[in-house]
Amino acid sequence: MKRKPRIWFPVMLAMVLALVSGCSGRVGESIPVLFNDSWYFIRQDSAKMDHILPGNIPNNKWEGVSLPHTAFIEPLTVAGRQWTGICWYKKIYRPERRQRHKHTGLLFDGAMHDAIVYLNGAEIARHSGGYLPFYVDLSRDLQYGKENEILVRLDNRENPNIPPGKPLDQLDFLWYSGLYRNVSLYVTDRLHITAPPESHSVYGGGIMTGARDISLEAATLTVSVQVQNDDNTPRSFWLKNTLLDAAGLETASSRSGLTELEPGQSIRLMTRMIVMHPALWSPDKPFLYTLVTELLSEKGVTDRRETRTGIRTVRITPQQGLLINGEPVTVTGTNRHQEYPYIGYALSDNASYRDAFKIREAGFNLVRSSHYPPSPAFLDACDEIGLMVIDAIPGWQFMGDSLFRQASLRDAQMMCRRDRNHPSVIIWEASLNETQMPVNFLRALHETVKEELPYGNNYTCSWMDTVCDLFIPARQHATAPDYWKNYTKNKPLFIAEYGDWEYYARDAGFSQTAADDSVTTATSSRQSRGAGDGAMLQQAFNFQEAHNDNLFGPAFGDANWLMFDYNRGYAPDIETSGVMDIFRLPKFSYWFYRSQAEKGPVCFIAHHNLPSSGKTVRIYSNADTVMLYRNDSLLAVQGPDSDPTAVNLRHPPFTFTLPDYISGTIRASASKKGAEITSHSVTTPGSPAALRLTADFSNKPLQADGADAIFIYASLVDSVGNPVYDGSLPVLFSVRGDAELIGDNPAMAEAGIASILLRAGTHPGKVMIRAEAEGVARAEILTETK
């Protein structure tokens, strides 16, 4: 390969027209395009599943599906054992004859977890690993102008060589099944910009950005792009990068000299551009740029990609903690498992956004992707809303043999290649969580991140204080007497999973996971919504005390365990340490965290005013004064709590003690500088009289793509509309329109609310949902898919 001197002459900017069957748009306008619709699915549950091959799959049992898709609708409580086995996905693809001169490939974002890909009955690719993408080049095997059968065999049975590797009945989470993330189609010129997993060279394929010399006046943006020539002849091109701001205006650009690339060769080109007066990304102001990368020839645009990115600096020190763009940021974090009830991991892009939105709305500014990389859509959402991320490779309390270790190293490599342009990712957990790892193995993971991310943004973390940039002690070991003896104090410290261990193990060391799980008393942080207001208040207090302690301790920040309840492999019940339940309904602790943020006024009474609720009334608010009324009579006026469990909080709660119990209405009026900013009231309910339906969109409409799903909530209310907090009637849901209900139906109301999933069909339009229960008035809600 060689470069030619730059030749200055007009370059035509007309797109190369090439129709792609089954896809909208033209090559160069939208690359890639989603390839999620019109798939067929079959699950093999027989004892002979290992002997079934592409040629002998029963044709009469295929089910039409859209992606993302789960191979099995699980029960609400998986009871320690999810479905495992072999399933198949099939799609018919008819490329135009003219496409034979193009490059065609498929990008699989997530396939759980041992995949074989066939084209027209012949095996063309294999991939192991369920959480990160792989790429399949179809160019030379397709039959152009004809129907081609794409077939994917997935095996999600236990495999010690595929991280997390641990048997399901010993695992703290589940990995579920299916083509549970997007599949995308690339149709490009044979001279093209590669996808990140397409190349196995250093840095992989695709586009990599990095910023340095960042100030309010200027920043230098480095852009590295891999270009591949799959043509039979040498090809010449210029590489052009254009940086657009949020309004689509050009802020900087660069252009390489003319480069010639021989057949079958690839090259990674690096260019730099100066961005004047850059708008910097931060949690409070998550400004994003769009990088437009083009390959130009005398005939016009050969290939084109768009990459969203942000400009910001990240610095972490033991003395100053986390600095974003040189400014200190106090971290309030949480952990997230990506599971939904019933459909497991098969979340649409909109559903992933809704999770990120809920986390940010709760007052958190960081989320740890426990214990595997999240979907690209989730990271896109974090970029947009200013939610910082600790990106983690798959693993939990398990160290396999050499094949497992090689797979973990590949995971670290691919995680960096996939996620390197996301400004929200500030820390890379290239470490197996709560696993005793040989130092040389941990060093290899650490060095992988450093090698893959040469432009900075490459802080690593580990729960082992050996080879890493940031120390994150594990929850069940952090209070053991000998745990800290090896802590060198030369690394920043981040408490990544605080929870029960802060309380029952503070003064007594232990090292077994079973000890962590044995705490099921009223003092535990594991509390369901159905356990009542006293239990939820205890959970919220536990989190409050831990957050308060961590704010003045050795850590620069913390992340609680956890955001959403989820199913585990080793336990027969749902893990209920979340600040929201598995249906994304808030517990009292949600309001504690929300009160710590400055985003809007908050006032929430953590008390149901029932005879069993007790005399303690705690109010979470970011006000400076709260007035408490009962049945319109003023009981007390108080400032925030000042006891040792609250003194370090940004906004301590307000704790009142009732003189006695009287039914009726408790109202809290929250004020700042003498003026009311918000209020909240709770009323002792009567008997259930009606249902009230709500739909959870969380800032995203329900998309008619056959995969998007939202939660529908049916709340029991009394005759005047007060929530019946202890209601537990079975509720029957029904739907009219192009949508379906997924979940237990009838669904038993927990703490007065019955929940179910509504999954959209593929035709936009009106959808009517009805809920009914014996002895109460039914409810209907009209929504719309777009």
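Before any of the text, the structure's been laid out above.
Residues numbered from 1 in each chain as written. Predicted model: local features only at pLDDT ≥ 70, side-chain atom pairs only at ≥ 80, totals over all residues. Heavy atoms only, no water.

1. Details of the overall build of the protein chain
Counted only if it meets this: Each helix is a run of DSSP H or I of at least 4 residues and each strand a run of E of at least 2, with the numbering of both proceeding from the N terminus. When a residue's accessible area, from a 1.4 Å probe over protein chains only, is under 20% of the maximum for its type it is buried; when over 50% it is exposed; and in between it is partly exposed. Only heavy atoms matter for contacts: two residues are in contact if any of them lie within 4.5 Å across the pair. Method for areas: the Shrake-Rupley scheme with a 1.4 Å probe, in which residue coverage is limited to the protein chains shown.
Helix and strand content of the protein chain: eight helices and 48 strands. Counting over 786 residues, the protein chain shows a buried share of 62%. Sequence separation of 24 or more characterises 70% of the internal contacts of the protein chain that already satisfy a separation of 6 or more. Of the roughly 29,600 Å² of accessible surface on the protein chain, 50% is carried by carbon and sulfur atoms.

2. Quick look at a positive patch on the surface
Just so we agree on the cut-off: Nonpolar side chains (Val, Leu, Ile, Met, Phe, Trp, Tyr) within 5 Å and like charges within 9 Å form the patches, drawn only from residues with over 30% relative accessible area and no salt bridge. We define a salt bridge as a contact between a side-chain nitrogen of Lys or Arg and a carboxyl oxygen of Asp or Glu at a distance within 4 Å. Note that His is not counted, nor are the chain ends; the positive residues are Lys and Arg, and the negative ones are Asp and Glu. For charged residues, the charge sits on one atom: NZ in Lys, CZ in Arg, CG in Asp, CD in Glu.
Residues Arg94, Arg97, Arg100 and Lys146 make up a contiguous surface patch of positive charge. On the secondary structure map, lysine 146 appears in the loop between strand E9 (134-137) and strand E10 (148-155). According to the relative accessible area criterion, lysine 146 is partly exposed, its value standing at 45%.

3. As for the environment of alanine 675
Structurally, alanine 675 is set in strand E40 (residues 675-683). Among the residues examined, alanine 675 registers a relative accessible area of 41% and is labelled partly exposed. Expressed as a C-alpha distance, the spacing of alanine 675 and alanine 623, which sit 52 residues apart in the sequence, is 9.9 Å.

4. Some words on the nonpolar core
Worth spelling out the cut-off: Joining through side-chain atoms within 4.5 Å is the link that ties buried Ala, Val, Leu, Ile, Met, Phe, Trp, Tyr and Cys residues into a set, and such a set is a nonpolar core.
Counting residues in each nonpolar core, the largest one holds 57 residues, and the members touching the most others are Ile359, Met437, Leu445, Met563 and Val579. Ala71, Cys87, Val136 and Tyr144 belong to the second largest nonpolar core, which has 30 residues in total.

5. With respect to the layout of surface pockets
Where we set the bar: Cavity: a set of points on a 1 Å grid over the protein atoms alone where a 1.4 Å probe fits but cannot get out. Pocket: an open set with protein on both sides within 12 Å along at least five of seven lines, its lining residues, like those of a cavity, having an atom within 4 Å of a point. Grid points are joined across faces, edges and corners, and a volume is the space filled by probe spheres set on the points. The nonpolar class holds Ala, Val, Leu, Ile, Met, Phe, Trp, Tyr, Cys and Pro. Asp, Glu, Lys and Arg form the charged class, and all remaining residues, Gly among them, are polar.
By volume, the second largest pocket amounts to about 850 Å³. Lining the second largest pocket are 34 residues, with Leu585, Pro586, Trp591, Phe604 and Ile753 positioned closest to its centre. When the residues that make up the lining of the second largest pocket are grouped by side-chain class, the tally is 19 nonpolar, seven polar and eight charged.

6. Examining helix H2 (residues 376-385)
Taking burial as the measure, the 10 residues of H2 include seven buried ones, the bulk of the element. Every buried residue belonging to H2 is among Ala377, Phe378, Leu379, Ala381, Cys382, Asp383 and Ile385, and all of these are buried. The inward-facing, buried residues of H2 contact strand E20 (300-309), helix H1 (349-361), strand E25 (366-368), strand E26 (388-392), helix H3 (402-419) and strand E27 (425-429).

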